[in-house]
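Examining the three-dimensional arrangement
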Amino acid sequence: MEPLKHIDNEGGVLELLTESLKHEWAVSLEYIIHAYSMPKGKYLYSDPVVAAVLDMRAQTIQIGIDEMYHALQMGLVVRQMGAFPTFQTDEVIRFPRIMDNLARNQRTEDMVIALYQKSKIREGAFPKVQNMFWNISYDEVRHSRQFQAMVETLKRSGQAEAICLQPDPQAEGKEEVSLLQVITRLENELMHRYLYYVLLFNEHQDLNWRLFKNSIDHMRHWDKNSGLLIKLGSLVQMENAERRPDGSERSLKPMPDIYPGTDRLSALQTLFPAEEQLIARYENIIRLFPEGEVKEQLKFHLMQNREHLFTQEWLLKNARQVKGLV
Ligand SMILES: [Fe+2]
Ligand SMILES: [Fe+2]
Ligand SMILES: [Fe+2]
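Residues numbered from 1 in each chain as written. Chains lettered and ligands numbered in written order. Predicted model: local features only at pLDDT ≥ 70, side-chain atom pairs only at ≥ 80, totals over all residues. Heavy atoms only, no water.

**Side note on the overall build of the protein**
Where we set the bar: Think of it this way: any DSSP run of H or I at least four residues long counts as a helix, any run of E at least two long counts as a strand, and we number them from the N terminus. Radius of gyration here is computed from C-alpha atoms only, and the compact-globule reference equals 2.2 Å multiplied by the residue count raised to the power 0.38.
Broken down by element type, the protein carries nine helices and five strands. Each helix and strand of the protein, ordered N terminal to C terminal, gives the series α-β-β-α-β-α-α-α-α-α-β-β-α-α. Computed over C-alpha atoms, the radius of gyration of the protein comes to 21 Å, within 12% of the 20 Å expected from 2.2 N^0.38 for 326 residues, which places it in the range of a compact globule. Seen along its three principal axes, the alpha-carbon backbone of the protein occupies a region of about 60 × 55 × 40 Å.

**So, the coordination of the iron ion (ligand 1)**
We count it as follows: Atoms are scored as donors when they are N, O or S and lie within 2.8 Å of the metal, with 3.2 Å used for Na, K and Ca; no water is included, so coordination may look incomplete.
Every protein donor of the iron ion (ligand 1) is accounted for by Glu24 (OE), Glu24 (OE), Glu67 (OE), His70 (ND1) and Glu140 (OE), and the metal-donor separations fall at 2.0 to 2.4 Å. For the iron ion (ligand 1), the single-chain donor residues occur in sequence as E-x42-E-x2-H-x69-E. Here the iron ion (ligand 2) and the iron ion (ligand 1) are spaced 3.8 Å from one another, each receiving a donor from Glu67. Separated by 43 residues along the polypeptide, Glu24 in helix H1 (residues 10–35) and Glu67 in helix H2 (residues 56–80) bring together distant segments of the chain.

**Some thoughts on the layout of surface pockets**
This is how the line gets drawn: Of the two site types, the cavity is a set of points on a 1 Å grid over the protein atoms alone where a 1.4 Å probe fits but cannot get out, and the pocket is an open set with protein on both sides within 12 Å along at least five of seven lines, each lined by residues with an atom within 4 Å of a point. Grid points are joined across faces, edges and corners, and a volume is the space filled by probe spheres set on the points.
Taken as a whole, the largest pocket spans an internal volume of roughly 450 Å³. In terms of lining residues, the largest pocket is bounded by 20 residues, among which Tyr36, Lys40, Arg57, Asp223 and Lys224 are the most central. When contributions to the lining of the largest pocket are tallied by element, the ones reaching two or more residues are H2, helix H7 (205–231) and helix H9 (293–321). Tallying contributions element by element places H7 first for the lining of the largest pocket, with nine residues.

**A look at the pattern of salt bridges**
What counts, and what does not: Salt bridge, as applied in this entry: a Lys or Arg side-chain nitrogen positioned within 4 Å of an Asp or Glu carboxyl oxygen. Only protein chains enter the area calculation, which uses a 1.4 Å probe; residues under 20% of their type maximum are buried, those over 50% are exposed, and those in between are partly exposed.
Using the criterion set out here, one finds 20 salt bridges in the structure. The closest approach of N and O atoms between Arg250 and Asp246, which form a salt bridge, is 3.7 Å. For Arg250, a relative accessible area of 18% corresponds to the buried category. By relative accessible area, Asp246 is classed as partly exposed at 43%. Here the salt bridges do not stand alone but share partners, grouping Lys213, Asp217, Arg220 and Glu307 into one network.

**Digging into the coordination of the iron ion (ligand 3)**
Only His218 (NE2), Glu275 (OE), Glu275 (OE), Asn305 (OD1) and His308 (ND1) from the protein coordinate the iron ion (ligand 3), and they sit 2.1 to 2.3 Å from it. Read in sequence order, the donor residues for the iron ion (ligand 3) give the motif H-x56-E-x29-N-x2-H. Residue His218 is found in helix H7, and its partner Asn305 is found in helix H9; the two are separated by 87 residues along the sequence. With respect to burial, His218 and Asn305 carry one shared label: buried.

**Some points on the nonpolar core**
Which entries qualify depends on this criterion: In these notes, a set of buried Ala, Val, Leu, Ile, Met, Phe, Trp, Tyr and Cys residues joined through side-chain atoms within 4.5 Å is what counts as a nonpolar core. Contacts are assigned to residue pairs with any non-hydrogen atoms lying within 4.5 Å of each other.
Counting 75 residues, the largest nonpolar core has Leu17, Leu211 and Leu298 as its most contacted members. Ranked by the residues each element gives to this core, the list is headed by helix H6 (residues 175–200), at twelve residues. In this structure, Leu211 is in contact with Tyr194, Tyr197, Val198, Phe201, Leu271, Gln312 and Leu315, ignoring residues within four places of it in sequence. In terms of nonpolar packing, the next biggest core, distinct from the first, is built from 19 residues, Tyr43, Ile63, Val151 and Ala160 among them.

**Structural notes on helix H3 (residues 98–118)**
This is how the line gets drawn: Helix span, expected: 1.5 Å multiplied by one less than the number of residues in the helix.
Across its 21 residues, H3 extends 30 Å between first and last C-alpha, which sits within 8% of the 30 Å expected from 1.5 Å per residue. Among the 21 residues that make up H3, 15 are buried, leaving the element largely enclosed by the rest of the structure.

**Observations regarding unusual backbone geometry**
Glycine aside, the phi torsion of most residues is negative, and most peptide linkages are trans. Positive phi outside glycine occurs at Ala51, with the angle close to 50°. Mapped onto the elements of the fold, Ala51 is located in the loop between strand E1 (44–47) and strand E2 (52–55). Looking at Ala51, the relative accessible area reads 67%, which means it is exposed. Located in the positive-phi region is Asn240, a residue other than glycine, with phi close to 55°. Inspection of the secondary structure puts Asn240 in the loop between H7 and strand E4 (242–243).

**Things to note about the side chain of His34**
Relative to the elements of secondary structure, His34 occurs in helix H1. Beyond its immediate stretch of four places on either side in the chain, His34 contacts Ile93, Arg94, Asn101 and Asn105.

**Re the pairing of E2**
For the record, the criterion: Here a strand pair is declared whenever DSSP counts at least two bridges between the two strands.
Pairing geometry for E1 and E2, over four bridges, is antiparallel. Paired with Tyr45 across the strands is Leu54, a residue of E2.

**Notes on the packing of helix H8 (residues 264–286) against H9**
Going by this rule: Working convention: axes come from line fits to C-alpha atoms, limited for helices to the stretch in contact. Angles between N-to-C directions cover 0 to 180 degrees. Orientation is classified from the angle alone, with under 35 degrees giving roughly parallel, over 145 giving roughly antiparallel, 65 to 115 giving roughly perpendicular, and any other angle giving oblique. Working rule for handedness: look at the near helix, and if it is turned counterclockwise from the far one by less than a right angle, call the crossing left-handed; if clockwise, right-handed.
The geometry of H8 relative to H9 is characterised by a closest axis approach of 9 Å and an angle of 155° between their N-to-C directions. The pairing of H8 with H9 is recorded here as roughly antiparallel in orientation. The handedness of the crossing between H8 and H9 is left-handed.

Such coordinate-based values are descriptive only and should not be taken to indicate function.
Take a look at the structure:
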């Protein structure tokens, strides 16, 4: 990911945006996977930007959400230039030690700060894009300082060797746990699929915001399910990951990079069956849990998905009955 030196046409800007998007999609997932590999509330640090003691896990999730917004901003610019945003990603890695994950995050931030600040767009050629990259780069500066403070705190407090949460093989053999892994992967796919359509139809503000709301719901479900997996003795999985001898897991394809549908109708048509299938899986898994916190949380996701199903059915019907809508 070397800075691009001579950007003076749209092709060059798109190349920079595509490289940047691969990074942003990767870290938006990677940071949240790192966060859900740590216990809640155990590792605290003093944050140099907000001047408060924060939970490393909670702050890593917040930073992951910032990255998703960066990806969206960039994807919108790609669409405004008439191109299609990539959903391919850079490599995502989970190391066995918590500190190695946080140190990797800091290195990634420093690398991307260089990409955004040192890539040279010809002065006056694309001022808004240039300004966006400067603005995003300072979010990355903040992230770098925050990760650095986390790493230093772990070292200073003798917790450099602390390892990630370890899944319990017995728990992982249970039907409800493997079903929840499948559901969590589907939630991730749907979250990104909705984002793809948000970008595709960004000029239609009504559709755009409705799809964005559903995407955010799926992101929350993914996030909550990751926490539930820990409660059940498991751990959120990385898609297509390979385990190395050093114990790290690495994936070059942590999320699908192709989504169905190219125009409004073909895109909307895919969402109804996708929501229906997800709902059926929630209905199945909910039966396996006794009354309690986990069941209640899953029921809440089920209700929201039923709401999505209703909305999607009508978005499709309404799109079909309006003449001249493309
Ligand atoms: Fe970012
Ligand atoms: Fe960042
Ligand atoms: Fe849904």
